[in-house]
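Observations on the three-dimensional arrangement
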Amino acid sequence: MLSTKGSVSREVTRLRSSAMASQKKLQGLVAATVTPLTSDGKINLSVIGQYVDYLVDKQGVKNVFVNGTTGEGLALSSQERKQLAEEWVNQGKKKLEHVIIHVGALSLPESKELARHAAEIGASGISAIAPFFFKPTNKGALVAFLREVASEAPHIPFYYYHIPPLTGVKICIEDLLDGIKKQIPTFQGVKYSDTDLLDFAQCMDKYNKEQFLLLYGVDEQLLSALAVGATGAVGSTYNYLGQANNMMFQAYANQDFALARKYQVSVLHKLKRS
Ligand SMILES: CC(=O)N[C@H](C=O)[C@@H](O)[C@H](O)[C@H](O)CO
Ligand SMILES: CC(=O)C(=O)O
């Protein structure tokens, strides 16, 4: 009985996940969500519903990246991460297009468990950073780690989260992508949080045809990433500067580069990097 129930629920989960995974292609802005806390430091799940509405209605943002850098996922317990993931998936079900859950951790079993959980609750994708204390020193070691994580969620896309300024793992993405689908069949792309636009442009040029998504992660220079072919971006500022960044995407698509630059500069001013 139990095992029948288990396999039925696994099947339901698989169908739900594959339904989500076959959704609209991920493009445009993805807000890296912040983690709301109560005054006594507990995660505050009660505001996630409002948060979803705010992003969709006020910012024009329909995709989220949960438990990443902005959400301080690495500073949360596994249980907190799972609760947040579940709340975002549930609240976002009819309103958001993509809910990507960051499942990276220093411990491989923990990362695998978070990946399994994200798949079970119906997330539309998962992402993981490289472990950053005992670091992989070459591509083989990094891929071995990511492969184990991704295989726990075999029906949803996997994105590698490249953020060398914080992880110290500097494995070149152009090398990483070479042959990656053979090793990680669910590999869908990279959240690229580095300023190396030469590597980024080379990846766009070389791997676009394999339909990898390279989501740019340095909000201050998104326009430069658009210029070399980016079609999506994940970042903290899309929580509150979603409209301006959507306008920038639009201006760029309309080939109004002066206007696009105006929006990029307005973002810089807001971040006080002018
Ligand atoms: C280190 C960090 O948090 N990077 C974020 C994404 O990866 C960005 O969205 C930045 O928060 C943003 O570019 C503002 O500096
Ligand atoms: C900014 C980003 O993408 C993150 O917080 O993970």
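Residues numbered from 1 in each chain as written. Chains lettered and ligands numbered in written order. Predicted model: local features only at pLDDT ≥ 70, side-chain atom pairs only at ≥ 80, totals over all residues. Heavy atoms only, no water.

The name an unreviewed UniProt entry gives the protein chain is N-acetylneuraminate lyase, with Alligator sinensis as the organism. Quoted verbatim from the Subunit (unreviewed entry) heading of the UniProt record, the comment on the protein chain is "Homotetramer." On record in UniProt, under Pathway (unreviewed entry), the comment for the protein chain is "Amino-sugar metabolism; N-acetylneuraminate degradation." (UniProt positions renumbered as here; feature names shortened; annotations may be inferred.)

The next thing to look at is the sheet that holds strand β1 (residues 28–32). The eight strands are arranged β1-β2-β3-β4-β5-β6-β7-β8 in a closed barrel whose pairing can be described as parallel. Averaged over neighbouring strand pairs, the angle between their axes works out to 25° when direction is ignored. Pairing between strand β6 (residues 187–192) and strand β7 (residues 213–216): four bridges, direction parallel. Paired with Gly-189 across the two strands is Leu-213, which belongs to β7. The strands touched by helix α5 (residues 139–150) are β4 (125–128) and β5 (158–162); relative to β5, the strand with the most contacts, the crossing angle is about 140°. Where helix α11 (residues 242–253) meets the sheet, its contacts fall on β1 and β8 (232–235), and the angle it forms with β1 comes to roughly 155°. (Pairing = 2+ DSSP bridges. Helix = DSSP H or I, 4+ residues; strand = E, 2+ residues; numbered from the N terminus. Axes fitted to C-alpha atoms, helices over the stretch in contact; angles between N-to-C directions. Contact = heavy atoms within 4.5 Å.)

This brings us to the pattern of salt bridges. Tallying each qualifying case throughout the model produces eight salt bridges. Between Asp-40 and Lys-42 there is a salt bridge, and its shortest N-O distance comes to 3.6 Å. Glu-152 serves as the salt-bridge partner of Arg-116, at 2.8 Å between the closest nitrogen and oxygen. Of the two residues, Arg-116 is situated in helix α4 (residues 108–121) and Glu-152 in the loop between α5 and β5; the sequence distance between them amounts to 36 residues. Note on Arg-116: relative accessible area 35%, which makes it partly exposed. Each of Lys-112, Arg-116, Glu-148 and Glu-152 takes part in one network of salt bridges that share partners. (Salt bridge = Lys/Arg side-chain N within 4 Å of Asp/Glu carboxyl O. Buried < 20%, exposed > 50% of the residue type's maximum accessible area, 1.4 Å probe, protein only.)

Around ligand 2, a shell composed of Ala-32, Phe-65, Gly-68, Thr-69, Thr-70, Tyr-161, Lys-191, Val-234, Gly-235 and Ser-236 is seen. Between ligand 2 and the protein, one listed contact pairs an oxygen atom with a backbone N or O atom of Thr-69 at 2.9 Å. Residue Lys-191 places a side-chain N or O atom 2.5 Å away from an oxygen atom belonging to ligand 2. Isolated, ligand 2 exposes 210 Å² of accessible area, and the fraction of that covered by the protein chains is 93%. Looking at side-chain class alone, the shell around ligand 2 contains four nonpolar, five polar and one charged residues. (Near = heavy atom within 4 Å. Polar contact = N/O pair within 3.5 Å; in protein donor to acceptor, adjacent residues only side chain to side chain. Areas by Shrake-Rupley, 256 points an atom, 1.4 Å probe, with all protein chains shown as cover. Nonpolar A, V, L, I, M, F, W, Y, C, P; charged D, E, K, R; others polar.)

What follows deals with the UniProt feature "active site" (unreviewed entry) in the protein chain. Mapped onto this numbering, the UniProt entry annotates "active site" (unreviewed entry) at Tyr-161 and Lys-191. Maximum C-alpha separation among the annotated residues is 4.7 Å over a sequence range of 31 residues, consistent with a single clustered spot. Following the sequence through the fold, Tyr-161 ends up in strand β5. With a relative accessible area of 3%, Tyr-161 lands in the buried category. Excluding anything up to four places from it in sequence, Tyr-161 contacts Phe-65, Thr-69, His-102, Ser-127, Ala-128, Ile-129, Ala-130, Lys-191 and Ser-193. Turning to its location among the elements, Lys-191 is positioned in strand β6. Residues within four places of Lys-191 in sequence aside, it is in contact with Phe-65, Tyr-160, Tyr-161, His-162, Leu-215, Gly-217 and Val-234. A distance of 3.5 Å separates polar atoms of two side chains, one belonging to Lys-191 and the other to Tyr-161.

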